[in-house]
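# Working through the structure, step by step
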Amino acid sequence: MPETTGTCALCSTEGVALRESHILPTWAYRRVVGYAPAEPDPVLLDGDSAMFTSRQSKVPLLCDKCEQRFGSVEQRVSDLVVQANGRFPLLAGATEVPNEAGVVEIPEASARDLAYFGLSVVWRADVAEIEPVVSIPPARRQSMRSFLAGQGTDPGAVVVLTMLAPPADVPKVDRMFTFPETAGNTDEERHEFICCGVRFSVITGPVAMISHGVIDAFKHEYAFVSDARNIARTVAGAALAATARGKLSKRGPVGRRRRLTVERRDVREHASTFYAAARSTGQPPPRRAAAGGWREAPSGCGP
């Protein structure tokens, strides 16, 4: 592929070679496929159709220096989220906060790396204008860019972390990722995505700090933990509704396979796209709470 020359979206240096920047890191794609090693590629679900694909979302966006800047944080984050063997180091090392159900304390360095990573993914998705489109006002976009480039101190957003810990009777939605999408209103907009066991909620707007500042991962060391049943029900429903196409059609109904790797719009209540490695039972997960498990997380932030 010919080299693309232009202006780096992060440092604004002109006339530089632009790297093919992934919106989400390459290791997330590899890990999702690794969760179901018998599958050669993820499965693309678009509308009601499903087919194998190896496509990854990337655009010429950053110079080599800025790509490396993001890459160093991404590498540290890769060691915190759900691993190829199912281990979840971030959750395993978390400490429950007394009298705060579903809230845990995590190491300061981990909180800052996860917050920076979450902000960078949402900013990249906004600048690259991928589908579904993330919509960030220009002033906040500039604050994010300056902060991510090390040129400013205001990230322009609050980042709330929710770790997904599905019990045994729920599809493994901790082993998937979604692309960012925007919801809410001008007072409080949520730009959310999931990556290998963590839901990142990047919240902007005049009341963001008031409503979520006490759990902002840029300033504090707290995170929520959820059993993710709402997300699991959506994943199961998407798998059951899909019609297999191409080579995938020879495998039988998508939702009946024991191991499933999918990319799908409509992850939660509104349009999104995800890659997932999830166990499908052929039926939506039960609504009853699992004994001793983390409780359900509603739409938005928190468990």
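Residues numbered from 1 in each chain as written. Predicted model: local features only at pLDDT ≥ 70, side-chain atom pairs only at ≥ 80, totals over all residues. Heavy atoms only, no water.

### Thoughts on helix α5 (residues 138–148)
Inspection of α5 places Met-144, Arg-145, Ser-146, Phe-147 and Leu-148 among the buried residues, and these make up the whole buried set. One or two positions beyond α5, positive phi appears at Gly-150, with a value near 80 degrees. (Buried < 20%, exposed > 50% of the residue type's maximum accessible area, 1.4 Å probe, protein only. Helix = DSSP H or I, 4+ residues; strand = E, 2+ residues; numbered from the N terminus.)

### A look at the nonpolar core
In this structure, Leu-10, Ile-106, Phe-117, Leu-161, Met-163 and Cys-195 are the most contacted members of the largest nonpolar core, which totals 62 residues. Top contributing element to this core by residue count: helix α4 (residues 108–128), with 11 residues. (Core = buried A, V, L, I, M, F, W, Y, C linked by side-chain atoms within 4.5 Å.)

### Re the packing of aromatic side chains
Considering all chains together, one arrives at 8 aromatic pairs under this definition. Seen from their ring centres, Phe-70 and Tyr-116 are 6.0 Å apart, and the 70 degrees between their planes marks the pair as edge-to-face. Of the two residues, Phe-70 is situated in helix α2 (residues 64–78) and Tyr-116 in helix α4; the sequence distance between them amounts to 46 residues. For the pair shown, Phe-70 and Tyr-116 are each scored as buried. When the centroid spacing of 5.4 Å and the interplanar angle of 65 degrees are considered together, the rings of Phe-117 and Phe-200 count as edge-to-face. Linking Phe-117 in helix α4 with Phe-200 in strand β12 (residues 198–204), this pair joins segments that are 83 residues apart in sequence. On the accessibility criterion, Phe-117 (1% relative accessible area) is buried. Each member of the aromatic cluster is reached from another via a ring pair, and the members are Phe-70, Tyr-116, Trp-123, Phe-147 and Phe-218. (Phe/Tyr/Trp six-rings, centres within 6.5 Å; stacked < 30°, edge-to-face > 60°.)

### Brief notes about the environment of Ala-109
With respect to the secondary-structure elements, Ala-109 resides in helix α4. Between the alpha carbons of Ala-109 and Ala-217 there is a distance of 9.9 Å; along the sequence they are 108 residues apart.

### Some remarks on the side chain of Asp-113
As for its position among the elements, Asp-113 is in helix α4. In this structure Asp-113 touches Val-73, Arg-76 and Val-77, once residues within four positions along its chain are discounted. (Contact = heavy atoms within 4.5 Å.)

### Thoughts on the confidence of the model for the protein chain
Averaged over every residue, the pLDDT of the protein chain is 78; residues scoring 70 or more account for 70%. The lowest-confidence element of the protein chain is strand β15 (residues 259–265), averaging 37 in pLDDT; the highest-confidence one is α2, averaging 97. Note on residues 254–300: pLDDT is under 50 here. Beyond four places in sequence and across chains, it has 174 contacts. (pLDDT = per-residue confidence, 0-100.)

### Quick notes on the packing of α4 against α5
Between α4 and α5, the shortest axis-to-axis distance is 10 Å and the interhelical angle comes to 130 degrees. Taken together, the axes of α4 and α5 lie oblique to each other. Considering how the two elements wind past one another, α4 and α5 form a crossing that is left-handed. Touching Tyr-116, Leu-119, Ser-120, Trp-123, Asp-126 and Val-127 of α4 are Arg-141, Met-144, Arg-145, Phe-147 and Leu-148, all from α5. The residue inventory of the contact of α4 with α5, partitioned by class, reads 7 nonpolar, 1 polar and 3 charged. (Axes fitted to C-alpha atoms, helices over the stretch in contact; angles between N-to-C directions. Parallel < 35°, antiparallel > 145°, perpendicular 65-115°, else oblique. Left-handed = near helix turned anticlockwise from the far one by under 90°. Nonpolar A, V, L, I, M, F, W, Y, C, P; charged D, E, K, R; others polar.)

### Quick look at the sheet that holds strand β1 (residues 4–6)
The strand order across the open sheet formed by 3 strands is β1-β2-β5, and the pairing between neighbours is antiparallel. Both edges of this open sheet fall to β1 and β5 (58–62), since each of them pairs with a single strand only. For this sheet, the mean angle separating the axes of adjacent strands, direction not counted, is 55 degrees. (Pairing = 2+ DSSP bridges.)

### Let's talk about the pattern of salt bridges
All chains considered together, the criterion is met by 8 salt bridges. Across the pair Asp-126 and Arg-141 runs a salt bridge, and its minimum N-O distance is 2.5 Å. Residue Asp-126 is found in helix α4, and its partner Arg-141 is found in helix α5; the two are separated by 15 residues along the sequence. Arg-141 sits in the partly exposed class, given a relative accessible area of 30%. Of the charged contacts, one joins Arg-229 and Asp-227 as a salt bridge, the two residues approaching to 3.2 Å between their closest N and O atoms. Residue classification places Asp-227 among the buried residues on the basis of a relative accessible area of 3%. Several salt bridges converge on common partners, so that one network encompasses Glu-108, Arg-112 and Glu-221. (Salt bridge = Lys/Arg side-chain N within 4 Å of Asp/Glu carboxyl O.)

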